[in-house]
Amino acid sequence: MIIGKKPPRPHAPGEPLLFPDHPLPRTRREFLAAGMISGGGMVIGPAWLGAMLKSGKANAGLSPDITALLPTGQCNVPTASGSIPFICFDLAGGANLVGSEVLVGVQGGQSNFLSTAGYGRLGVPGNMVPSSSANVDASLGLLFHADAAIKRGILSKATTAATAAGTNGAVFCAESQNDTQSNPHNPMYGIAAAGAQGLLTTLVGTESSASGGNSMAPMQIINPALQPTTIDQPSDATGLVSTGGASADPVSVAVLESQVRISGGTTAYTSGSNAAFTGALSAPNGGTPGVALLSDPAADGALKNQMRCAYVVSANTAATFGNPAALDPTQDPLITGGATPIFTATDFQDGDIAATATVMKLVIDGYAGAGTIAMGGYDYHDGSRATGETKNFKAGQMIGAVLEYAQRKGKPVMVYVFSDGSLTSTGMPDNSVAGRGKLGWQGDNQQVASTFFLAYSPKGRPQLRNGVAGQQIGYFSSDGNVVDTSSPVANNVTALVQAVILNYMGLLGTDGNFPALMQQLMFPNSLGSGATLAGLTAFAPIV
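Figured I'd write up the structure that's included with this text. (Residues numbered from 1 in each chain as written. Predicted model: local features only at pLDDT ≥ 70, side-chain atom pairs only at ≥ 80, totals over all residues. Heavy atoms only, no water.)

**Side note on the environment of Gly410**
Argument step 1. Position of Gly410 among the secondary structure elements: in the loop between helix H13 (386-409) and strand S9 (413-419).
Argument step 2. Gly410 gets classed as partly exposed once you look at its relative accessible area, which sits at 41%.
Argument step 3. The spacing of Gly410 and Tyr456 is 46 residues in sequence and 9.9 Å in space, taken between C-alpha atoms. (Helix = DSSP H or I, 4+ residues; strand = E, 2+ residues; numbered from the N terminus. Buried < 20%, exposed > 50% of the residue type's maximum accessible area, 1.4 Å probe, protein only.)

**Observations regarding the packing of aromatic side chains**
Argument step 1. Scanning the model with the defined rule gives eight aromatic pairs in all.
Argument step 2. Plain terms: the ring middles of Phe172 and Tyr416 are 6.5 Å apart, the flat faces sit at 85° to each other, and that makes the pair edge-to-face. In this pair, Phe172 is assigned in strand S5 (residues 167-173) and Tyr416 in strand S9, connecting sequence segments 244 residues apart. Comparing Phe172 with Tyr416, the two get one shared label, buried.
Argument step 3. Relative to Phe348, the ring of Phe343 has its centre 6.3 Å away and its plane inclined at 80°; by these criteria the two rings are edge-to-face. Summarising the burial analysis for this pair, Phe343 and Phe348 share the class buried. (Phe/Tyr/Trp six-rings, centres within 6.5 Å; stacked < 30°, edge-to-face > 60°.)

**Examining the packing of helix H9 (residues 250-264) against helix H10 (residues 297-320)**
Argument step 1. Remark: H9 packs on H10, axes separated minimally by 9 Å, with the N-to-C direction vectors making an angle of 165°. By the angle class used here, H9 and H10 are roughly antiparallel. For the pair H9 and H10, the crossing hand works out as left-handed. For the pair H9 and H10, the contacting residues are Val253, Leu256, Glu257, Gln259, Val260, Ser263 and Gly264 in the first and Arg308, Tyr311, Val312, Ser314, Ala315, Ala318 and Ala319 in the second.
Argument step 2. Among the residues forming the contact of H9 with H10, the class breakdown is eight nonpolar, four polar and two charged. (Axes fitted to C-alpha atoms, helices over the stretch in contact; angles between N-to-C directions. Parallel < 35°, antiparallel > 145°, perpendicular 65-115°, else oblique. Left-handed = near helix turned anticlockwise from the far one by under 90°. Contact = heavy atoms within 4.5 Å. Nonpolar A, V, L, I, M, F, W, Y, C, P; charged D, E, K, R; others polar.)

**Details of helix H12 (residues 351-364)**
Argument step 1. In this model H12 runs 20 Å from its N-terminal to its C-terminal C-alpha over 14 residues, within 8% of the 20 Å that 1.5 Å per residue would give.
Argument step 2. In terms of burial, H12 is a largely internal element, 13 of the 14 residues being buried.
Argument step 3. Backbone nitrogen of Asp352 and a side-chain oxygen of the N-cap are separated by 2.8 Å at the start of H12; the cap is Asp350. (Expected span 1.5 Å × (residues − 1). Polar contact = N/O pair within 3.5 Å; in protein donor to acceptor, adjacent residues only side chain to side chain.)

**Things to note about unusual backbone geometry**
Argument step 1. Positive phi, normally seen in glycine, also occurs at Asn76, with a value near 55°.
Argument step 2. If you trace the backbone, Asn76 turns up in the loop between helix H3 (64-67) and strand S2 (86-91).
Argument step 3. What makes Asn76 partly exposed here is its relative accessible area of 46%.

Structure, rendered in structure tokens:
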């Protein structure tokens, strides 16, 4: 009698991923990776933002003396959103992102294919290897496997032909540790330093962490002034400017302007001096005008200006933003209306959809500069292929929604996708409907990890700087492992973050300032200079 091994059981969407070789989850990040919780929502902004934005109104306008404090050099309050919207997807748990998804090759680019065994390690069975052109899809510029779950998900939401036609991307062959939030993957603070800004806040995210996601941000670039404020649903976004109604309230603006004048006056601030405040702040008994809060005049002036600017920002928000519906994705006809809605009202019952729609609206509409969307349950090596295909397809849908919304708004966007480590295949096909005949996933493997980004431009598909070879940064060995010496980012997650920042600046056309920015951030440059940086920059500017 032959006793067959029980086939692996795929996990249903939302079912926890618990494995005997993994400890039981204890932290919020571990619960997220196991799919036991969904990503919350968070806006990263100054801590006083929520307290001060109690009144938003339209058409009241600021008084001239307060308006004079808005520009760079005073309070640096943006009066228009700037740079390219940036959104990253943090897939917690160690997802498969290449081979079966984005194609990777040996030295020379994506089309310099691995061996059949190499693709097998990445989950591709012998009858689906990309050496057959039928198994390659170039519809998004960046080459995907023709049956890639992420690509199928993207195109299920990016339904307008112009969206795919205006998209291109690049892949980083880069290892990272498995199943840990300690990978400093998140580039958000560097993206902000490179120029991303919003009208209401700088960064948004979906986890109450310093990075806004599951993985950490490099410690060197974390800006303590950008503190998290949680957003769990669209109503939290509208609460940023909620007035309880849409009518203008000139009295609210007048009160906030008075707070500016009382707290610090309206004399122009000069960096390195406290002279602007000598007649504005006095001792508690009122007897000594211009009391110094700090002994150093430069530090004293900077602190007083920061305090005054908190009131200036609040007054400007109240004068500029009226109807909270302007921030509500459920009321945006480009998201939920028309003959081809990106999402339906029912879809918003799904936490990932609600968070994605809220973040993409805030960022692409210019209310925030950049955002992180964390999605849980990507530690899916349960022996099946079906679980991973289902999870990756959903991630693709969220990515596609961002690209499609950017196209409908006529805005460029950069979308970066990463995960903590990756996984290797069982070598056995999963012939279930959801498994699609691909090889199952059996365990973690950081040696096959990679990340990728997509860029959309309303002007047309972004153009490569270094030809198709430059679309793959680093490379794999023929047998399916990242070659650690193939690029500065291949075995250095901190350098990978710098490469993402560099490519964001490349899309802006400011990559020549990259070394100076790293110096400004006191973030040691791991990428080099000159020709080395040029070789790591995938695209020509799109703005």
